[in-house]
Amino acid sequence: MSGAALRVLRAGALTTVQDLGRPGYAHLGVPRSGALDAGAHALANRLLGNRPDAAALETTLDGVGLRALAPLTVAVTGAPCAVRVSGRAVAWGAPVRLRAGAELEVGRAESGVRAYVAVRGGLCVPPVLGSRSTDLLSGLGPPVLSAGTVLPVGPAGPDPVRGVDVPALPGMPGELVLPLRPGPRADWFEPASIAALWRARFRVSPASNRIGLRTEAGTRLIRARGGELPSEGMVLGAVQVPPDGLPVVFLADHPVTGGYPVVGVVPAGPALDAAAQARPGVPVRFVRAR
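As the structure is a computational prediction, the values presented were derived from the model and not from experiment.

**Comments concerning the nonpolar core**
Generally speaking, nonpolar side chains in soluble globular proteins are found buried as a group.
Okay, step 1: The biggest cluster of nonpolar side chains holds 35 residues, and the ones touching the most others in it are Leu178, Val263 and Phe286.
Okay, step 2: Elements supplying a minimum of two residues to this core: strand E12 (176-182), helix H2 (191-197), strand E13 (202-204), helix H3 (270-277) and strand E20 (283-288).
Okay, step 3: Top element by residues in this core is H3. It accounts for four residues.

If you want it as structure tokens, here you go:
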């Protein structure tokens, strides 16, 4: 421990600690968890010279307010937003130095949903099963942030703070395009319904969360057989189809088993990162994965 820390002044709508998650424990009933926008989380750590698995904050829509209890360096990535230090505007997507007592205000997302606030040295809340991630489904990891929480910061590593490879400010996508690998239960649906899936236009539902991106207002998939499956293993990116026929894309806090058929899987990567930033109402389209 370095003795450095951040105090939460304003917790925002939903702010959690996230790192790379807990892959490999599904056989124990433990979800994967971890940062939803893995690319933005990785960039924030890279800017600060942190290890890729360093824990950072993931905010939802309206940001977070923090006070540095020691001199620190932070970076904000993900959803573009106003960033201020003690009332003064500072850079998004770049290292920012904080004096002891300085207040960092990460504002409302101007596009997208989730911002990432990393600190040089990483957040050092106690790990659970090798990860510091908050898992909303299982309750593992640190609790959702609340005002007054103190977050310890680890010692800085040997890598220097960087000011490179920052992308231009991303805009809100006009359409979320998700590559889909059919199976393992595509045969549970009418062939005509599967064919229609590639032409269908859905919308992101307001019921979406860290567990899954829910869709609405699209072509409903019609089953070719009745009954239900015995529960079987679920993976990140699995597209499960509940009885209403509208696909649900499983994200980081997804359950490890499920009984609804999985029509296909969206591979991990930029498409799932984009799903993490898609707001309610954004059009969704599935295309065949290459």
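**Quick notes on the sheet that holds strand E2 (residues 16-18)**
Okay, step 1: Taken in spatial order, the five strands of this open sheet run E2-E3-E10-E5-E8, and their pairing is antiparallel. Looking at strand neighbours, the two that pair on one side only are E2 and strand E8 (96-98), the edges of this open sheet. Geometrically, the sheet is characterised by an average inter-axis angle of 30° between neighbouring strands, direction not taken into account.
Okay, step 2: As judged from the three bridges shared by strand E5 (residues 72-78) and E8, these two strands associate in the antiparallel manner. Bridge pairing in E8 places Thr73 opposite Arg97.
Okay, step 3: Contacts from helix H1 (residues 38-48) reach E2, strand E3 (56-58), E5 and strand E10 (115-119), with the element oriented near 150° to E5.

**Quick word on H1**
Okay, step 1: Among all positions in H1, only Ala40, His41, Leu43, Ala44, Asn45, Leu47 and Leu48 are buried.
Okay, step 2: Structurally, H1 contributes buried residues whose contacts are with E2, E3, E5 and E10.
Okay, step 3: With its phi angle positive at about 75°, Gly49 sits one or two positions after the end of H1.

**Thoughts on the pattern of salt bridges**
Okay, step 1: The full count for this structure, using the stated rule, is 13 salt bridges.
Okay, step 2: The shortest N-O distance in the salt bridge between Glu58 and Arg210 comes to 2.7 Å. Taken as a pair, Glu58 in strand E3 and Arg210 in the loop between E13 and strand E14 (212-216) lie far apart in primary sequence, 152 residues in all. Both residues of the pair, Glu58 and Arg210, belong to the buried class.
Okay, step 3: Here the residues in one salt-bridge network are Glu58, Arg114, Arg210 and Asp253, joined through shared partners.

**With respect to unusual backbone geometry**
Okay, step 1: Across the junction of Gly183 and Pro184, the peptide omega takes the value 15°, indicating a cis bond.
Okay, step 2: Here Pro184 shows up in the loop between E12 and H2.
Okay, step 3: With phi around 60°, Ser33 is a residue other than glycine that occupies positive phi space.
Okay, step 4: A positive phi angle, near 70°, is found at Leu61, a position not held by glycine.
Okay, step 5: Tracing the backbone through its elements, the reader meets Leu61 in the loop between E3 and strand E4 (64-68).
Okay, step 6: Overall, Leu61 belongs to the partly exposed group, its relative accessible area being 35%.

**Re the pairing of E20**
Regular strands show a simple pattern: their side chains alternate between the two faces of the sheet.
Okay, step 1: Two strands pair when backbone bridges link them, and E12 and E20 are joined in this way by five bridges, in the parallel orientation. Following the sheet pairing, Pro179 is matched in E20 by Val287.

**Details of the sheet that holds strand E1 (residues 4-10)**
Okay, step 1: Read from one edge to the other, the open sheet built from six strands follows the order E7-E6-E9-E4-E1-E11, with strand pairing classed as antiparallel. Each of the sheet's edge strands pairs with one partner strand only, and the pair in question is strand E7 (88-90) and strand E11 (150-153). Taking each pair of neighbouring strands and ignoring which way they run, the sheet shows an average axis angle of 30°.
Okay, step 2: In terms of strand pairing, E1 meets E4 through four bridges, oriented antiparallel. Looking at E4, one finds that Leu6 is bridged to Ala68.

**Some thoughts on the packing of aromatic side chains**
Okay, step 1: Under the definition given, this model contains one aromatic pair.
Okay, step 2: Both rings, one in Phe202 and one in Phe286, keep their centres 5.9 Å apart while their planes meet at 75°; by these two values the pair is edge-to-face. Taken together, the residues span a long stretch of sequence, with Phe202 in strand E13 and Phe286 in strand E20 at a distance of 84 residues.
Okay, step 3: Residue Phe202 is classed as buried on the basis of its relative accessible area, which comes to 1%.
Okay, step 4: You can call Phe286 buried: its relative accessible area is 1%.

Scoring rules and cut-offs
- Residues numbered from 1 in each chain as written.
- Predicted model: local features only at pLDDT ≥ 70, side-chain atom pairs only at ≥ 80, totals over all residues.
- Heavy atoms only, no water.
- Core = buried A, V, L, I, M, F, W, Y, C linked by side-chain atoms within 4.5 Å.
- Buried < 20%, exposed > 50% of the residue type's maximum accessible area, 1.4 Å probe, protein only.
- Helix = DSSP H or I, 4+ residues; strand = E, 2+ residues; numbered from the N terminus.
- Pairing = 2+ DSSP bridges.
- Axes fitted to C-alpha atoms, helices over the stretch in contact; angles between N-to-C directions.
- Contact = heavy atoms within 4.5 Å.
- Salt bridge = Lys/Arg side-chain N within 4 Å of Asp/Glu carboxyl O.
- Phe/Tyr/Trp six-rings, centres within 6.5 Å; stacked < 30°, edge-to-face > 60°.

Limitation: the analysis is restricted to geometry and does not speak to function.
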